[in-house]
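# Inside the fold
Listed here are the chains, written in short residue letters.
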Amino acid sequence: MEKDPSKNVSVRERRYISHALVEIRKFKHWPFGIKSAVLLDISLSGFKMEYTSEVSSKPGEQLWLNIPLNPLGIFSPSHLMILGECRWFDKSRFRVGGIFLELTKNDKMIVEQIVETVRSRNAT
């Protein structure tokens, strides 16, 4: 997130609309309790998603997003497993807004590819 020096406030990065299906996990390698969600939008620093079933979450909760990349036209790797943190939760619509945590250099490059893909798809 960038700072606007004239106002001394954070400026949210541009978000791009997506409708990719993602899996949400509490633990990275635990195959139980996996939930599905629709990735509504994504930026270089965060995301907004809507669960496909009734789920409860709370700000500060960490979760793993498993984003399949093939439907986005990215064929290697086939998916991105990335740690996120819930910043807000809408319990009436089961929506979560969050930020990415602990991005490696490779993760950041893949997120940039995802953002570029959804940006270019939205431009047409």
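Fair warning: this is a prediction, and the values are worked out from it, not measured in the lab.

## Describing the overall build of the protein chain
What the protein chain contains, in helices and strands, is one helix and eight strands. Counting from the amino terminus, helix and strand elements in the protein chain follow one another as β-β-β-β-β-β-β-β-α. In the protein chain, buried positions account for 41% of the 124 residues. For the protein chain, the exposed surface amounts to about 7,800 Å²; the carbon and sulfur share of it is 52%.

## Focus on the packing of aromatic side chains
The description of two aromatic rings rests on the distance between their centres and on the angle between their planes. Applying the stated rule across the entire model yields two aromatic pairs. Ring centres 5.2 Å apart and planes at 65 degrees place the aromatic pair W30 and F32 in the edge-to-face group. Owing to a relative accessible area of 48%, W30 belongs among the partly exposed residues under this scheme. Accessibility expressed as a relative area gives 58% for F32, which makes it exposed.

## Observations regarding the environment of G97
Within the secondary structure layout, G97 lies in strand 8 (residues 95-100). Between the C-alpha atom of G97 and that of T52, which follows or precedes it by 45 residues, the distance is 15 Å.

Each value, and the rule that gives it
- Residues numbered from 1 in each chain as written.
- Predicted model: local features only at pLDDT ≥ 70, side-chain atom pairs only at ≥ 80, totals over all residues.
- Heavy atoms only, no water.
- Helix = DSSP H or I, 4+ residues; strand = E, 2+ residues; numbered from the N terminus.
- Buried < 20%, exposed > 50% of the residue type's maximum accessible area, 1.4 Å probe, protein only.
- Areas by Shrake-Rupley, 256 points an atom, 1.4 Å probe, with all protein chains shown as cover.
- Phe/Tyr/Trp six-rings, centres within 6.5 Å; stacked < 30°, edge-to-face > 60°.

Without other data, these values stay purely geometric and don't point to any function.
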